[in-house]
Structures are given as structure tokens and as C-alpha cells.
Amino acid sequence: MIEQKLNITHRTGSYTIFIGENLFGIKEALAQQIAGSHVCVVTNETVKPLYLDACLTALTQFEVEVVVLPDGEQYKNFTYYNQVMNLLCEKHYPRDSTLIALGGGVIGDLTGFAAATYQRGVAYIQVPTTLLSQVDSSIGGKTAINHAVGKNLIGAFYPPQVVLIDVTTLATLSQREYLSGLAELIKAALIADAEFFIWIEQHIDALLKRDVTILKQAIMRACQIKQTIVMRDELETMHNHCRILLNFGHTFGHAIEQVLGYGEWLHGEAVALGMHMATCLSQDLGLLDQTSVQRVYALLERAGYALQLPVGASSANLIQRMRHDKKVYSNCLNLILLQRIGTAVVKSDVPMLALQSVLERYSAH
Ligand code: NAD
Ligand code: GLY
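Cut-offs used in this document
Residues numbered from 1 in each chain as written. Chains lettered and ligands numbered in written order. Predicted model: local features only at pLDDT ≥ 70, side-chain atom pairs only at ≥ 80, totals over all residues. Heavy atoms only, no water. Helix = DSSP H or I, 4+ residues; strand = E, 2+ residues; numbered from the N terminus. Buried < 20%, exposed > 50% of the residue type's maximum accessible area, 1.4 Å probe, protein only. Contact = heavy atoms within 4.5 Å. Lys, Arg positive; Asp, Glu negative; His and termini not counted. Charge placed at Lys NZ, Arg CZ, Asp CG, Glu CD. Core = buried A, V, L, I, M, F, W, Y, C linked by side-chain atoms within 4.5 Å. 1 Å grid on protein atoms, 1.4 Å probe; cavity = no way out; pocket = protein on both sides within 12 Å on 5 of 7 lines; lining within 4 Å. Points joined across faces, edges and corners; volume = space filled by probe spheres on them. Nonpolar A, V, L, I, M, F, W, Y, C, P; charged D, E, K, R; others polar. Near = heavy atom within 4 Å. Polar contact = N/O pair within 3.5 Å; in protein donor to acceptor, adjacent residues only side chain to side chain. Areas by Shrake-Rupley, 256 points an atom, 1.4 Å probe, with all protein chains shown as cover. Salt bridge = Lys/Arg side-chain N within 4 Å of Asp/Glu carboxyl O. Phe/Tyr/Trp six-rings, centres within 6.5 Å; stacked < 30°, edge-to-face > 60°. Lys NZ or Arg CZ within 6 Å of the ring centre and 35° of its normal.

Colleague: Even after reading the chapter, I still don't get the overall build of the protein, so can you show me in this structure?
Modeller: When helices and strands are tallied, the protein shows 13 helices and 12 strands. Burial statistics for the protein: of 365 residues in total, 56% are counted as buried. Long-range pairs, those at least 24 residues apart, make up 72% of the contacts in the protein between residues at least 6 apart in sequence. Counting 28 positive and 33 negative side-chain charges, the protein places the averaged centre of each group 4 Å from the other.

Following this line, the structure appears as C-alpha cells:
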């Protein structure tokens, strides 16, 4: 059942985000978006047994190949991008082919980049199956693979043909992955929509139970926020400072992930703590009132995120990591902070000393 639609316009056209339940059962939801006769579904070993058959039932009139990649961020690389390319080339897939990304953000990013580059660009459809990919990575046309030197270093801005968000796929997601995505949903409210934040406060129990009706409303609102942002700043331009706001909590979060070693904490778990750090720093710098900080803390704690650094990630390690961040100039850091719940700002002159003072409060003693 398709219940909600959103339209995103971009440099070269537009696409629709469909949000609903059991979308594979609706042939027109998927099949009507496919122009030619050739389809390549890219998925992974975890998602395949869960959703591939349902996806294929909507594609019976097409010539379909399936690429099943191993599961993990470490496979979002040139080797597995090349596996997709080899199949497309060897099977002589034509320019009017369509790729379908069936999975989380890893599959979405890699498939999108394959689509961007095969024959200088073919259509692709995002079928995101994690909460993070449904509220964030499937929207906005950022595609990428990783390089040994860093994440997402090789990529392109290349919008999908359509995004199909089937909220029922979230039922099979592990609790940790679900909470990791929920952090990005809370982030959307914090940076752009105070009323949505109140709504999340009121519906957090239903969200934690994955109530489908509540989830559809939450995902819709988060997608609207991302829609507004990417339509204002499609290419994340430096002077616009709009899309960059989506990185709220991420400078801290990335430092936590790096210090602990990638994979120890999930991205959203690190972002949740990072958002709390950024909120406290906002108060220290006189931007945000104490009640707001307490509300953010209460919501993140209720959702179950760890809000202290684990042993193994000291504030000193984090500071050292953040000092090397490319956003540091003359002992000051560029950070996204909160002015109010629902309003984020870019601050280009955050003193390292203020940062140090905040981080010390999070060390496990
Ligand atoms: P992921 O794709 O690794 O998925 C998380 C885990 O959930 C994986 O083990 C996956 O196999 C499993 N999974 C997926 N769907 C499932 C389901 N319905 N039921 C059970 N298990 C399921 O991780 P993610 O959090 O979805 O995405 C992270 C990636 O997204 C990173 O590579 C990040 O760089 C990227 N990202 C991209 C953007 C963008 O704008 N393009 C934005 C944010 C993040
Ligand atoms: N970093 C998420 C985005 O810009 O889409």
C-alpha cells in the first residue's frame, strides 16, 4: 500500500519517494519506473533471503540479473563495485538498463555509484531496507565507494529514478541497527523541526516498538526535512551551509568511531553521543538553554543510547583525532551546533579549549 509520496527536483529532473507497506506487492510501484527491459538487482547476503523473492515477483516481465555482495561496510569498495560492472559489461546490459539497490546504505551507495558510471549513467532505484537508509542515505543522490585511505572518497552526485520505502522491512532489522537509524531521525528533528522533536518525545515508546503507523509518519517527516535540504543545496556547496547541517553530531561521531575502531560502535550509536556532545557544547558557548540540553539528553537516554565514552575512547584520544580534522583552523574548529531545538548553525570559530572541556565530561572514570 503506497500511502505517501514526496517529490524531489534536482539539476537534471525529479524523482518520487514512495512510503508505504508491502510495496513489492504493487507491481506499478517498482515495474512502472523501469524504462527498458534489463534490470540488475544488487543486494547482500543478509537481505537476499529476506526480500529478494518479493522484489523479483514485481519484475517478472524483465530480464533480471542479481548480484549478491557480502554484508559489510568493508565491501563498499572497488572490488565489489567492479563485480557489478563485470556483470553489466559481460551481459551486455544496454544504456536503458535499471539497477535496483535492495538493502541498506552500503548497497545503496555502491549501486548508485555503479549506476552513475556504467555507460556514463543508467537509471537506478533505491529500495532502502534499514531505517538509516530510509530517512537519509537513499535520498539526495550521494553515491560512493570507500578507498583504503578513507570512507566515501570515490563517488558522484547521481539521483535515483525513484525511492521505494517499505516500512515493513524494518521488522527484521537488529535492534542495534534500528537504533542507529533512529539517531539520524532524531538528528533531522534537532537540526530542522522543533515540532517534530516534540512529536518524537511523545511517540518514542511507539517508535521503539516499531509501530508501523507511527514509523510511517516519522519517516515521512524525516524525508521531508531531507527533501527541503537537498533541494536547497543539492551539491553540498561550501557557501550555502545547508546540506552540511545534516552532519550535526557527526564530527564527534566520526572521531568516536575512529578511536574505537570502525565497527565497534555503529555509526548511529556514535552520532547519538556526538549529538549530545554538540548540544552540551552549544550550551557552553551560550547558544542553547539548559532545558533544551536536558530534553535532548532525556530523549537519547530513553531511546537507549550510551551517553558516556566507553573505556578505550578517552577525551584525549578524541581531541587528538579532532585536531587532525580538516575543519581545524588556528586552533579553532568548524562545527554544527544548536541555537534552539530545531535550528542548527555552522560555527567556524569553536575554540579547541571549549571542545576539550566538553569532552572531559564524557570520559568513563
Ligand atoms: P548497512 O547497509 O551496512 O546495513 C546495516 C545492516 O543491516 C547490514 O548488516 C545489512 O545487511 C542489514 N540489513 C539491511 N536491511 C535489513 C533488514 N531489512 N533486515 C535485517 N537486516 C538488514 O548500513 P546502513 O546503516 O543502512 O548504511 C550505512 C552506509 O550508508 C554507510 O556506508 C554510509 O557511508 C552510508 N551513508 C550514505 C549517505 C548518503 O547520503 N548517500 C548518508 C548516510 C550514510
Ligand atoms: N551526509 C548526508 C547527506 O548529505 O546526504
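Colleague: Quick question: what am I supposed to make of the nonpolar core here?
Modeller: A general feature of soluble globular proteins is that nonpolar side chains tend to end up buried together. Core analysis: the biggest nonpolar cluster contains 88 residues, and Leu182, Ile186, Ile200, Ile219, Met277, Tyr305 and Leu355 have the highest contact counts within it. Sequence-distant contacts of Ile219, defined by excluding residues within four places in its chain, comprise Ile19, Leu131, Gln134, Val135, Ile165, Val167, Leu170 and Leu185. Judged by nonpolar contacts, the second largest core, of 23 residues, contains Tyr81, Leu88, Leu99 and Val122.

Colleague: Looking at this model, I keep getting lost on empty space enclosed by the protein. Mind explaining?
Modeller: Rolled over the atoms, a probe sized like a water molecule indicates the empty space that remains. This structure, assessed with the given rule, holds three cavities of 30 Å³ or more. Secondary structure elements with two or more residues in the lining of the largest cavity: strand S1 (2-10) and helix H8 (212-232). Considering each element in turn, the lining of the largest cavity owes the most residues, three residues, to S1. When its residues are assigned to classes, the lining of the largest cavity shows five nonpolar, four polar and one charged. Empty space within the second largest cavity amounts to approximately 50 Å³. In this structure, the second largest cavity is lined by Val135, Asp136, Glu184, Lys187, Ala188, Ala222, Ile225, Lys226 and Leu246. At the level of elements, helix H5 (131-137), helix H6 (175-192) and H8 are the ones that each hand at least two residues to the lining of the second largest cavity.

Colleague: Just checking my understanding: could you explain the site of ligand 1 for this structure?
Modeller: In the neighbourhood of ligand 1, 24 residues make up the surrounding shell, with Asp71, Glu73, Thr129, Thr130 and Thr172 lying closest. Note that an oxygen atom of ligand 1 is positioned 2.9 Å from one of the side-chain N or O atoms of Asn44. At 2.7 Å, a side-chain N or O of Thr129 approaches a nitrogen atom of ligand 1. About the coverage of ligand 1: the protein hides 86% of its 860 Å² of free accessible area. Only helix H2 (48-57), helix H4 (105-117) and H5 provide two or more residues apiece to the shell around ligand 1.

Colleague: Would you take a moment to explain the site of ligand 2 for this structure?
Modeller: Neighbouring ligand 2 are Asp136, Lys142, Lys226, Glu236, Arg243, Leu246 and Asn247. For ligand 2, an oxygen atom lies 2.5 Å from a polar atom in the side chain of Lys226. In this structure, Arg243 approaches ligand 2 through a side-chain N or O atom, which is 2.7 Å from an oxygen atom. For ligand 2, the protein covers 83% of the area, taking 200 Å² as the surface of the free molecule. Looking at side-chain class alone, the shell around ligand 2 contains one nonpolar, one polar and five charged residues.

Colleague: Looking at this structure, how should I read the pattern of salt bridges?
Modeller: Opposite charge on two side chains permits them to pair, given that their charged atoms come into close proximity. In this structure the tally under the stated criterion is 15 salt bridges. Two residues, Lys187 and Glu184, come together in a salt bridge whose shortest N-O distance is 2.8 Å. With Lys187 and Glu184 both in helix H6, this residue pair falls three residues apart, about one helical turn. Assigned by exposure class, Lys187 and Glu184 land together as buried. Across the salt bridge formed by Arg221 and Asp193, the nearest N and O atoms sit 2.5 Å from each other. You can see Arg221 sitting in helix H8 and its partner Asp193 sitting in the loop between H6 and helix H7 (194-208), a full 28 residues away along the chain. The network of salt bridges with shared partners includes Asp136, Glu184, Lys187 and Lys226.

Colleague: When you look at the packing of aromatic side chains in this model, what are you seeing that I'm missing?
Modeller: One pair of aromatic rings is described through two measures. These are the centre distance and the angle between the planes. Overall, the coordinates contain five aromatic pairs when judged by the stated rule. Measuring from centroid to centroid gives 5.7 Å for Phe78 and Tyr81, while their planes differ by 40°, and the two rings are tilted. Of the two residues, Phe78 and Tyr81 both sit in helix H3 (residues 78-90), three residues apart, roughly one turn of that helix. Using a relative accessible area of 51% as the deciding quantity, one classes Phe78 as exposed. Classification of Tyr81 by relative accessible area gives buried; the value is 10%. Within the aromatic cluster, the residues linked to one another by ring pairs are Phe78, Tyr81 and Phe113. Residue placement shows Arg210 over the ring face of Tyr178; its charged tip is 4.4 Å from the ring centre.

Keep in mind these values describe shape, not function.
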